[in-house]
Amino acid sequence: MVHHSSRRTIQVTFLSLCVFFQNLSSLSAQQPNDGNSSTPSSATTASVNQTSSVFSTGTVSTNPVTSVTLNTNSKAASQTSSVATAATSALTTTSVTSSTSSSSAKGSGGPGGTSTPSATVAPTVISSTRKTIPDIVTNLSISNKTTSSVSLNWNLSNGISYKIQWTDGYSNRSNTSNTCYTVTGLTPGVNYTFSVTAVAADGTEGAPTSISAFTFPDIVTNLSTSDKTTSSVSLKWNLSNGISSYYKIQWTDGSYSNSTNSSNISNTSYTVTGLTPGVNYTFSVTAVAADGTEGAPTSISAFTNPYVVANLSVSNKMNSSLSVYWNLSNGNSSYYKIMWSDGSYSKVNTTSNTCYTVTGLTPGVNYTFSVTAVAADGTEGAPTSISAFTKPNVISSLTVSGRSISYVSLKWNSSNENSSYYKIQWTDGSYSNNTNSSNISNTSYTVTGLTPGVNYTFSVTAVAADGTEGAPTSISRFTIPDIVKNLSTSDKNTSSVSLKWNSSNGISSYYKIQWTDGSYSNSTNSSNTSNTSYTVTGLTPGVKYTFSVTAVAADGTEGAPTSISAFTIPDIVTNLSTSDKNTSSVSLKWNSSNGISSYYKIQWTDGSYSNSTNSSNISNTSYTVTGLTPGVNYTFSVTAVAADGTEGAPTSISAFTFPDIVTNLSTSDKNTSSVSLKWNLSNGISSYYKIQWTDGSYSNSTNSSNTSNTSYTVTGLTPGVNYTFSVTAVAADGTEGATTSISAFTNPDVVTSLTASDINISSVFLNWNLSNGISSYYKIQWTDGIYSNSRNISNTSYTVTGLTPGVNYTFSVTAVAADGTEGAPTSISAFTKPEVIRNLILTENQTTLLNINWTEPVGNSSFFNVHWSNDISKVSSNATTKDTLFNITGLTPGVKYNLCVSAVAADNVTEGQPVCFKAYTKPEVIRNLTLTENQTTLLNINWTEPVGNSSFFNVHWSNDISKVSSNATTKDTFFNITGLTPGVKYNLCVSAVAADNVTEGQPVCFKAYTSKCKSMRLFIF
């Protein structure tokens, strides 16, 4: 590239013109035209390269000032230029003169650089009649777009001018000699295709280069907001010109959270949601073409509605002001609008705080307060309302118009007309800590049911219709104390009277006591006390006084007085004495030493004797009390009495009447050493009794003792002695009544060492001693449980006869005094011996057994004792039985036994005489009987002794022919039977015999033949 202002001459020599045209034609056929680019296709590039390969390189010669090697701006341009150069060289040497209109072009050496000439060639001008096609423009681009224009830029080609065409479905065109052009009059938001074609001076057009672009969509108009809420804003707009593919909506809350959001829509309205209440949002709406080309945004700002305030409350209510509190639970607000109205008038104010104190209100009026959050642009949220009354005004002139023990009447004035009613409250403070109240519509009220003498605080409060209370007005007053109750006098004496009373209801601070003696001295005195009792002192004896007690409240308010009259006690009498006592009367005398009295009251009491008190009134100073009980300690009191019956202190003296004589003296529960006495006191009482006793001529001694009972047991006496006992009633002061006497024997002593001996079947001998005292005789008694007998004797022994054998007798011996008084019996029991048994016999004897039988004895027996023994073993055995038979077993065969049977009484000890006899057991059978030899006339036998005992053996033999039996005895265990008949069968038997020669055991027998001849063998059958 060279400077536009220079002239240049290019000489090109082509080798083959045919090749040029052929390739040029091919290049033109393959060149695309999509309206977007002027860049050749790859096919074109290949064709040009092939063409270039057959050309020789031309040399460009410029004027002497500048000679450069031509460089193209792009690959496509280089290829086209090479083709063109080659074609020109093939025809002739051509001289081209080119002028540029711009002096600002730069060389390829870089920005601002200059090219260096490489050669100087003499120009040669070639004349030709063919047109030259301009190069395709390159680097077509869009440099600036608006809603109605698009600015195009491209690079310089070898054309003289440029044809610009554009179409949006309709085609338009324009020409320019510049390498840039601004197409105007376009429709906003439309996709246009722009093509730029280089045009030669002769009008020859190069290939067009195309590019497409959207105009900016037009700015939206009439953007507005509507239907705002706390969280959304609705947008509306118009697109006044052109078209758009969609709309881009953006919104930001500015510095509230520095966040930006966006959304795309195809409509011309949109509701933005999810916004924060009370925040100023900036909304922008931009029309966007189909390729994303955005128009200029249109913006609008709007506040969302502030959120409704929450927790609206009223506090600090006064009569002309109150405070309103609230919260804004969500979002933002610039300030709050507070509106209040009483129904007739309304006022408004604003605040940036969440509380506000409304002033200048009317007391007791119901106001409606509404609070609205307001955004910075004045956008208001929904109002929140609350109603509240102001406090009514305080009442005035509260006074107490009347009071009693149980009520207080109140009056007051109302300084405000707007109260609904009045609340009256009253409290008794610390008295019960109770507070009561009542509501009324009047300006006066009587509080009832109050406690007397209590300081009450009354408060009256004006109350609005909703219950809002004004400030209370208070006043305190005491109720009048209640009248004292149960006023009484006590503990009166000659100079004082004690008063007691109850305050039956309520309280009082103290009590005022007043007293006067009436006409006695016409004086009145008083005193105060906080107690409910008081002792008036310094009084005159026997005078009538009037006492009044009044309850007084702490502020000095007095209740009604309660009065009582009483006499002081007259003075005490002196020198009281007794005289002339007997069993039923006592005489009294005394002096009245001081003061006056109307009469004397004489009282006497027998104390606990009968708990009775008697009295008599006299005007004299002596009196004989009669009708008294003997032996009683009487207390006599003499009291001076005033005219109203008030008695002075009594003067007392005690004295016993004489005790009465005792009656019904008797003795009981006598024993050997004591006698119990009993008696009655027919009249009166005694302090104790004096008991005396003597044994007369026995020892000439007298003893005594005292007792407070009407019975006494005299102990330590001698058994069987006649005593005289006397009992005298004695008063507590020792005064004795007349004596009553009685005589009685003590029981003789019990006999000792009582024994029974010489007991037989019909008699028992008794013997005993009398170890102490005396007795006149002895009484002997005996009984078998059915029949009883007795005898009296003077000796200390006796044989009781005529008794039944085997019977248990109880014998008792009793010592008896001269008057028949019996001592305690001494007893002993003994069985008579049973009678002997009868008819004792042996009923059976065996080798080891003996059976016996007998008849019961005459009389009684409990069981029988059986005794047996033998002389060999010297062993004795016993057995008992209630039967009259007995089997003795386990005996030794052939032994003699001594058998005895005796009857035994029921005491298991007393035994009658035994009846005895002797008996043998049968011997046991012999053993091993054998025939040792047989001859024609002889048989020899042998055996073994039996078990047990035997004295000798009995041998018996016989035959069946002669029928003759023979016997023999032997002490040996063998025997030779001779004199027999040959060849005869003999029956042979051997038995053992006891020592009594009678008792025989069972025989052992066998049969044997004698021999017929000596050579014959004996066969035993």
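Residues numbered from 1 in each chain as written. Predicted model: local features only at pLDDT ≥ 70, side-chain atom pairs only at ≥ 80, totals over all residues. Heavy atoms only, no water.

Some thoughts on the overall build of the chain
Line of reasoning, step 1. In terms of helices and strands, the chain carries three helices and 72 strands.
Line of reasoning, step 2. With 1021 residues in all, the chain has 40% of them scored as buried.
Line of reasoning, step 3. Across the chain, every contact between residues at least 6 apart in sequence was considered, and the portion connecting residues at least 24 apart equals 60%.
Line of reasoning, step 4. Of the accessible surface of the chain, which amounts to about 49300 Å², a share of 45% is contributed by carbon and sulfur atoms. (Helix = DSSP H or I, 4+ residues; strand = E, 2+ residues; numbered from the N terminus. Buried < 20%, exposed > 50% of the residue type's maximum accessible area, 1.4 Å probe, protein only. Contact = heavy atoms within 4.5 Å. Areas by Shrake-Rupley, 256 points an atom, 1.4 Å probe, with all protein chains shown as cover.)

Points about the sheet that holds strand β70 (residues 974-977)
Hydrogen bonds between backbone atoms are what pair the strands of a sheet, whose relative direction is either parallel or antiparallel.
Line of reasoning, step 1. Taken in spatial order, the three strands make up an open sheet running β66-β67-β70, and their pairing is antiparallel. At either end of the open sheet lies a strand with only one pairing partner, and these are β66 (927-934) and β70. This sheet shows a mean twist of 20 degrees between the axes of neighbouring strands, independent of strand direction.
Line of reasoning, step 2. Relative to β70, strand β67 (residues 939-944) is paired through four bridges, and the arrangement is antiparallel. Residue Asn-940 lies in a different strand from β70, and its bridge partner there is Asn-976. (Pairing = 2+ DSSP bridges. Axes fitted to C-alpha atoms, helices over the stretch in contact; angles between N-to-C directions.)

Some remarks on the pattern of salt bridges
Line of reasoning, step 1. Following the criterion strictly, the structure yields eleven salt bridges and no others.
Line of reasoning, step 2. A salt bridge links Glu-294 to Lys-248, with the shortest nitrogen-to-oxygen separation between them at 3.3 Å. Pair noted here: Glu-294 is in the loop between β15 (280-288) and β16 (298-303) and Lys-248 is in strand β12 (residues 246-252), with a separation of 46 residues, a long-range link. (Salt bridge = Lys/Arg side-chain N within 4 Å of Asp/Glu carboxyl O.)

Quick notes on the sheet that holds strand β25 (residues 408-413)
Line of reasoning, step 1. Taking strand neighbours across the sheet as the criterion, the three strands line up as β24-β25-β28 in an open arrangement whose pairing is antiparallel. The two strands at the open ends of the sheet, each matched to only one other strand, are β24 (396-403) and β28 (444-447). Across the sheet, the axes of successive neighbouring strands diverge by a mean angle of 20 degrees, strand direction being ignored.
Line of reasoning, step 2. Bridge count for β25 against β28 is four bridges, and the pairing is antiparallel. Bridge assignment links Ser-409 to a residue of β28, and that residue is Thr-446.

Digging into the state of the cysteines
Cysteine pairs can be covalently joined through their sulfur atoms, and such a bond is termed a disulfide.
Line of reasoning, step 1. Counted under the stated rule, the structure contains two disulfides.
Line of reasoning, step 2. Put simply, Cys-900 and Cys-916 are joined by a disulfide, and their sulfur atoms are 1.9 Å apart. Sign of the S-S torsion, about 115 degrees for the bond between Cys-900 and Cys-916, identifies this disulfide as right-handed. With a gap of 16 residues between them, Cys-900 in strand β64 (residues 896-904) and Cys-916 in strand β65 (residues 915-920) connect regions that are remote in the sequence.
Line of reasoning, step 3. Given a relative accessible area of 17%, Cys-900 falls into the buried group.
Line of reasoning, step 4. Given the relative accessible area of 44%, Cys-916 is considered partly exposed.
Line of reasoning, step 5. With a sulfur-sulfur separation of 1.8 Å, Cys-989 is cross-linked through a disulfide to Cys-1005. (Disulfide = S-S within 2.5 Å.)

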